[in-house]
Amino acid sequence: MARTKNKIKSTTEDRVFDGVSFVVIAILIFVCFYPIWYVFCASLTDPTIVAGAGGILLFPQKITLDAYKRVFADAEIWRGLLNTIFYTVVGTALNVILTAMLAYTLSRKNLLFKKPLTVFVTFTMFFNGGMIPTYLVIRDLGLLDSRVAVLLPGLVSVFNFINMRTHFESLPAELEESAKLDGANHWTIFTRVILPISGATMAVMVLFYGVAHWNSWFREMLYLPNSRDLWPLALITREIILSSSNAAMSDGAVMTQEMADAIKYATIIVTTLPILCLYPFLQKYFAKGVTVGAVKG
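Residues numbered from 1 in each chain as written. Predicted model: local features only at pLDDT ≥ 70, side-chain atom pairs only at ≥ 80, totals over all residues. Heavy atoms only, no water.

- Going by an unreviewed UniProt entry, the protein carries the name Carbohydrate ABC transporter permease and comes from Candidatus Faecalibacterium faecigallinarum.
- UniProt lists a comment for the protein under the heading Subcellular location (unreviewed entry), and it reads "Cell membrane". (UniProt positions renumbered as here; feature names shortened; annotations may be inferred.)

Laid out in structure tokens, this is it:
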């Protein structure tokens, strides 16, 4: 006898709800996606057409690469890109390593003063010295106009620390006990047992810290006032966006306002494209890493 499958019949209310949900989600996707799509199209379109488009541009028209040629011909853009890569790679490595070490230490059940230390660390997420006191500390330490001033503040994000500590606490205690029976110390347990099985959480930490470093510009603007050669690409992009047409590029060339706007669009694309290309490779770890480190009720 043929087996029949029971299907739940959709009611009119269900179809209406699905239709409304689809329309709302489609609008939200369009609202989020269109600005970057417009910038991409404007960076490839003839500047005179962009000026007369009135903010509506669905596809590139009269494609030209003049803006990208001007961007890549600017030595300051390349210098800013190299600085950004340095800050992102070195800063992310330091952030992840120190966060993991702190999270592992405060996740041990037999740690002396565990709760007071955790409260002390968590307290800094809600209350801190503020921008001016932090600047005065950096200045008095003689760190202004140095790469250390960019990397030192905020080495550990308390939010990321809480996620990672919760993940470490959720791991089976038998793993650590069996490693101790084999003569392993805490460093061996941390590097040979805990970290290898925490790949998803570590990937999310790399994503969080990496994006923050790549897009960072405010801290650099404060701590690198006289060292333009140490500026990251995001800060240079900000200067280009805020600058007038005659000062849009560092080579001193005079250009029209339309061309200056095209250079701004091209610079934005150059700044955001690496992160957009990196995210799909880490996306599969994102949901898993966040839920693994979530607080369980």
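1. Digging into the overall build of the protein
Point 1. Secondary structure assignment for the protein yields 14 helices and zero strands.
Point 2. Tracing the protein from N to C terminus, the helices and strands come up as α-α-α-α-α-α-α-α-α-α-α-α-α-α.
Point 3. Split into buried and exposed, the 297 residues of the protein put 36% on the buried side.
Point 4. Residue pairs in contact within the protein that sit at least 24 positions apart in sequence constitute 70% of those at least 6 positions apart.
Point 5. Summed over all atoms, the accessible surface of the protein reaches about 18,100 Å², with 69% contributed by carbon and sulfur. (Helix = DSSP H or I, 4+ residues; strand = E, 2+ residues; numbered from the N terminus. Buried < 20%, exposed > 50% of the residue type's maximum accessible area, 1.4 Å probe, protein only. Contact = heavy atoms within 4.5 Å. Areas by Shrake-Rupley, 256 points an atom, 1.4 Å probe, with all protein chains shown as cover.)

2. Some words on the side chain of Thr-271
Point 1. Inspection of the secondary structure assignment puts Thr-271 in helix H14 (residues 257–292).
Point 2. Ignoring anything within four residues of it in the chain, the contact list for Thr-271 reads Trp-214, Leu-233 and Thr-237.

3. Some thoughts on a nonpolar patch on the surface
Point 1. Taken together, the side chains of Phe-22, Val-23, Ile-27, Phe-30 and Val-31 make up a nonpolar region of the molecular surface, amounting to roughly 530 Å² of accessible area.
Point 2. As for its placement among the helices and strands, Val-23 is situated in helix H1 (residues 12–44).
Point 3. By relative accessible area, which is 46% here, Val-23 ends up partly exposed. (Patch = residues over 30% accessible without salt bridge, like charges linked within 9 Å, V, L, I, M, F, W, Y side chains within 5 Å. Salt bridge = Lys/Arg side-chain N within 4 Å of Asp/Glu carboxyl O.)

4. Some thoughts on the pattern of salt bridges
Two side chains bearing opposite charge may form a pair once their charged atoms approach each other closely.
Point 1. Applying the stated criterion to the full structure yields seven salt bridges.
Point 2. Arg-228 is the partner of Glu-76 in a salt bridge, and the nearest nitrogen-oxygen pair spans 2.3 Å. Remark: Arg-228 occurs in the loop between helix H12 (218–223) and helix H13 (233–242) and Glu-76 occurs in helix H4 (residues 75–105); sequence separation between them is 152 residues.
Point 3. Look at Glu-76 and you get buried, because its relative accessible area is 8%.
Point 4. Residues Arg-108 and Glu-176 are paired through a salt bridge, measuring 2.3 Å at the closest nitrogen-oxygen approach. With a gap of 68 residues between them, Arg-108 in the loop between H4 and helix H5 (114–126) and Glu-176 in helix H9 (residues 173–181) connect regions that are remote in the sequence. There is no split in this pair, since Arg-108 and Glu-176 are both buried.
Point 5. What emerges from the salt-bridge pattern is a single network uniting Arg-108, Glu-176 and Lys-180.

5. A look at the packing of H5 against helix H8 (residues 158–170)
Point 1. Across the interface, H5 lies against H8 with an axial gap of 9 Å and an inter-helix angle of 145°. In this structure, H5 uses Lys-114, Thr-118, Val-121, Thr-122, Thr-124 and Met-125 to contact H8, whose residues at the interface are Val-158, Phe-159, Phe-161, Ile-162, Arg-165 and Glu-169.
Point 2. Of the residues contributing to the contact of H5 with H8, the split by class is six nonpolar, three polar and three charged. (Axes fitted to C-alpha atoms, helices over the stretch in contact; angles between N-to-C directions. Nonpolar A, V, L, I, M, F, W, Y, C, P; charged D, E, K, R; others polar.)

6. Remarks on the UniProt feature "transmembrane region" (unreviewed entry) in the protein
Point 1. When the UniProt feature table is mapped onto this chain, "transmembrane region" (unreviewed entry) is found at residues 20–40, 85–105, 117–138, 189–210 and 262–282.
Point 2. The straight-line gap between the two end C-alpha atoms of residues 117–138 is 25 Å; of that span, 82% is helix and 0% is strand.
Point 3. As a span, residues 189–210 carries 82% helix and 0% strand, and end to end its C-alpha atoms are 26 Å apart.

7. Quick look at helix H10 (residues 186–194)
Point 1. Ile-189, Phe-190 and Ile-194 are the residues of H10 that are buried. Seen end-on, H10 carries its buried residues on one side only, within an arc spanning 100°. Exposed positions of H10 whose direction lies more than 90 degrees from the buried face are Trp-187 and Arg-192.
Point 2. Lining the buried residues of H10 we find H4, H8 and H9.
Point 3. Where H10 starts, the residue carrying a side-chain oxygen 3.3 Å from the main-chain nitrogen of Trp-187 turns out to be Asn-185. (Arc of directions from axis to C-beta. Polar contact = N/O pair within 3.5 Å; in protein donor to acceptor, adjacent residues only side chain to side chain.)

8. Things to note about the packing of aromatic side chains
Point 1. Counted according to the given criterion, the structure contains 13 aromatic pairs.
Point 2. For the ring pair Trp-37 and Phe-40, a centre distance of 5.6 Å and an interplane angle of 35° mean the geometry is tilted. Placement of both Trp-37 and Phe-40 in helix H1 is noted, with a separation of three residues, approximately one turn of the helix.
Point 3. Classification of Phe-40 by relative accessible area gives partly exposed; the value is 31%.
Point 4. An aromatic cluster is built from Phe-30, Tyr-34, Tyr-38 and Tyr-265, whose rings are joined through pairwise contacts.
Point 5. Across from the ring centre of Phe-86, 4.8 Å away, lies the NZ or CZ of Arg-147, which sits over that ring. (Phe/Tyr/Trp six-rings, centres within 6.5 Å; stacked < 30°, edge-to-face > 60°. Lys NZ or Arg CZ within 6 Å of the ring centre and 35° of its normal.)

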